[in-house]
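One letter stands for each residue in the lines below.
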Amino acid sequence: MIVYWYLYLMAVASVAIYGIGSLHRQRVFLLMLTFFSVFVVGFRYQIGCDWNAYLNHFETALTITDLTSWTEISSDIGYSFLNIFVASLSNDIVWVNLISALIALSGLYRFSIILPSPLISFLVALPYIVIVFFQGYTRQSVAFGLELWGLAALIQGKNFRFFVYIILAATFHKTAIVLAPLAALASTKNKLWTYFWVLIFSSVVYVFVLFENQVNLIESYINQNMSSDGAGIRVALNVIPALIFLIFKERFKFKTDAERRLWSWIALISLACIPLLQVSSTVADRFALYLMPLQLFVFSTLPFIFPKIKQVLILGILCLYASILFVWLFFSNHVVCWVPYSNWLLI
């Protein structure tokens, strides 16, 4: 538990010193925070409620002699081949976790540095995205990191690169394919051409990644009425910045009109997750996870659009996410899977 508070306080100190200051210095501090987070997340040992499941996947990879047998590990080809690659070099799952952490956290770094305050963005990500999500859900953490790389590309108008990142993300967690339409929704030029490529890419991913597993996905997420603990809280955490953005949208500054449309759609989809909770909390939860970049964007921008009360807003953001970490550490039903923290390098 101390490790988590230490990491958060490091981010708080960085924000207090350079949170709205020189971007160059922010990036230096952000890089330091990222490296420390890689140490915490990448070298974790027996952390997360799915630790044994991931360990079983890796132990299966150790027995694979034919690459065509990758489905014995997982139905996600990217994740399976990562395990096979590591298993060919080592017999320890820690290297799978380290590579996954590098992908996820490099995506967080890349996305944060294009925002008005990279350090506030990283601080907002720490309590849930870094500490809970990246440590507990290896496959989807990689997909999320690749999503962040893709969003950074999309904001800069690089649609093709966005598609590539989303396809890679879908090879680690199939649900990432739901992000593909964002390119078309955000597009302001050559819309028909963009829609065409979205259709082509989505079809390719569907055929090669989702087709054989569509029955299992529908059965798991909808027909069996699976529920996700904490889904309502995660949806609410997106709803707050969504409302802030939609109410004060005219105050936000965007690099392009495409970026404005992108965040508008993400905000609206975040609100749509509220009624979706009644249909399937698991489906709503999956959407909410991929919509979390909205929190980073809105809260890292907020002090700049209300400069007269920027100190108050920064303090409010620090307190909000400190309370999220506090509530999770002391009241979560599953926190025992993350506490006490153990590191492979220190055992």
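Throughout this document, residue positions are counted from 1 along each chain, in the order its sequence is written. In view of the model being predicted, local features appear only for residues whose pLDDT reaches at least 70, and side-chain atom pairs are presented and counted only at 80 or more, with totals across whole chains, interfaces and linings using the full set of residues. Values shown for side chains rest on all heavy atoms present in the structure; no hydrogens or waters enter the calculation.

Brief notes about the pattern of salt bridges
Part 1 of the reasoning: Only one rule defines a salt bridge in this text: a Lys or Arg side-chain nitrogen within 4 Å of an Asp or Glu carboxyl oxygen. Within this structure, the stated rule accounts for five salt bridges.
Part 2 of the reasoning: Measuring nitrogen to oxygen at the nearest pair gives 2.2 Å for the salt bridge that ties D76 to R139. With D76 in the loop between α3 (51-63) and α4 (77-87) and R139 in helix α7 (residues 138-155), this residue pair connects regions lying 63 residues apart in the sequence.
Part 3 of the reasoning: By relative accessible area, which is 22% here, R139 ends up partly exposed.
Part 4 of the reasoning: Among the charged side chains, a network of salt bridges with common partners joins D76, R139 and K174. Segments assigned H or I by DSSP are reported as helices when at least four residues long, segments assigned E as strands when at least two residues long, and all are numbered from the N terminus. To sort residues, take the accessible area from a 1.4 Å probe on protein chains only and compare it with the maximum for the residue type: under 20% means buried, over 50% means exposed, and anything in between is partly exposed.

Quick look at the state of the cysteines
Linking two cysteines covalently via their sulfur atoms produces the bond known as a disulfide.
Part 1 of the reasoning: To count as a disulfide, a pair of cysteine sulfur atoms needs to be within 2.5 Å. Overall, the coordinates contain one disulfide when judged by the stated rule.
Part 2 of the reasoning: Between C49 and C337 runs a disulfide, and the two sulfur atoms are separated by 2.1 Å. Handedness of the C49-C337 disulfide follows from its S-S torsion of about 95°: it is right-handed. Linking C49 in the loop between α2 (23-42) and α3 with C337 in the segment after α16 (310-331), this pair joins segments that are 288 residues apart in sequence.

Observations concerning the packing of helix α5 (residues 94-112) against helix α6 (residues 118-136)
Part 1 of the reasoning: Under this scheme, a helix contributes an axis fitted over its contacting stretch, all axes are lines through C-alpha atoms, and angles between N-to-C directions fall in the 0 to 180 degree range. Their axes nearest at 10 Å, the elements α5 and α6 cross at an angle of 160°. As the angle between them shows, α5 and α6 are arranged roughly antiparallel. For the crossing formed where α5 meets α6, the hand is right-handed. Taken together, the residues of α6 that come into contact with α5 (itself represented by A104, L105, L108 and S112) are P118, S121, F122, A125, V130 and F134.
Part 2 of the reasoning: Nonpolar residues are Ala, Val, Leu, Ile, Met, Phe, Trp, Tyr, Cys and Pro. Charged residues are Asp, Glu, Lys and Arg, and all others, Gly as well, are polar. Taken together, the residues of the contact of α5 with α6 sort by class into eight nonpolar, two polar and no charged. Each angle is binned into one of four classes, with values under 35 degrees roughly parallel, values over 145 roughly antiparallel, values of 65 to 115 roughly perpendicular, and all other values oblique. Should the near helix be turned anticlockwise from the far one by less than a right angle, the crossing is termed left-handed; should it be turned clockwise, right-handed. When checking whether two residues touch, look at their non-hydrogen atoms; a contact exists if any pair is within 4.5 Å.

Describing helix α14 (residues 281-291)
Part 1 of the reasoning: Of all eleven residues in α14, nine are buried, a share of seventy percent or more.
Part 2 of the reasoning: Every buried residue of α14 is listed here: S281, T282, V283, A284, D285, A288, L289, Y290 and L291.

Some details on α4
Part 1 of the reasoning: Among the eleven residues in α4, eight count as buried, and that is most of the element.
Part 2 of the reasoning: Among the structural elements, α3, α5 and α7 are those in contact with the buried residues of α4.

Let's talk about the packing of helix α1 (residues 2-18) against α2
Part 1 of the reasoning: Across the interface, α1 lies against α2 with an axial gap of 10 Å and an inter-helix angle of 175°. Taken together, the axis directions place α1 and α2 in an arrangement best described as roughly antiparallel. Residue-level contacts link V3, Y6, L7, M10, A11, S14 and Y18 of α1 to R25, Q26, F29, L33, F36, S37 and V40 of α2.
Part 2 of the reasoning: Looking at side-chain class alone, the contact of α1 with α2 contains ten nonpolar, three polar and one charged residues.

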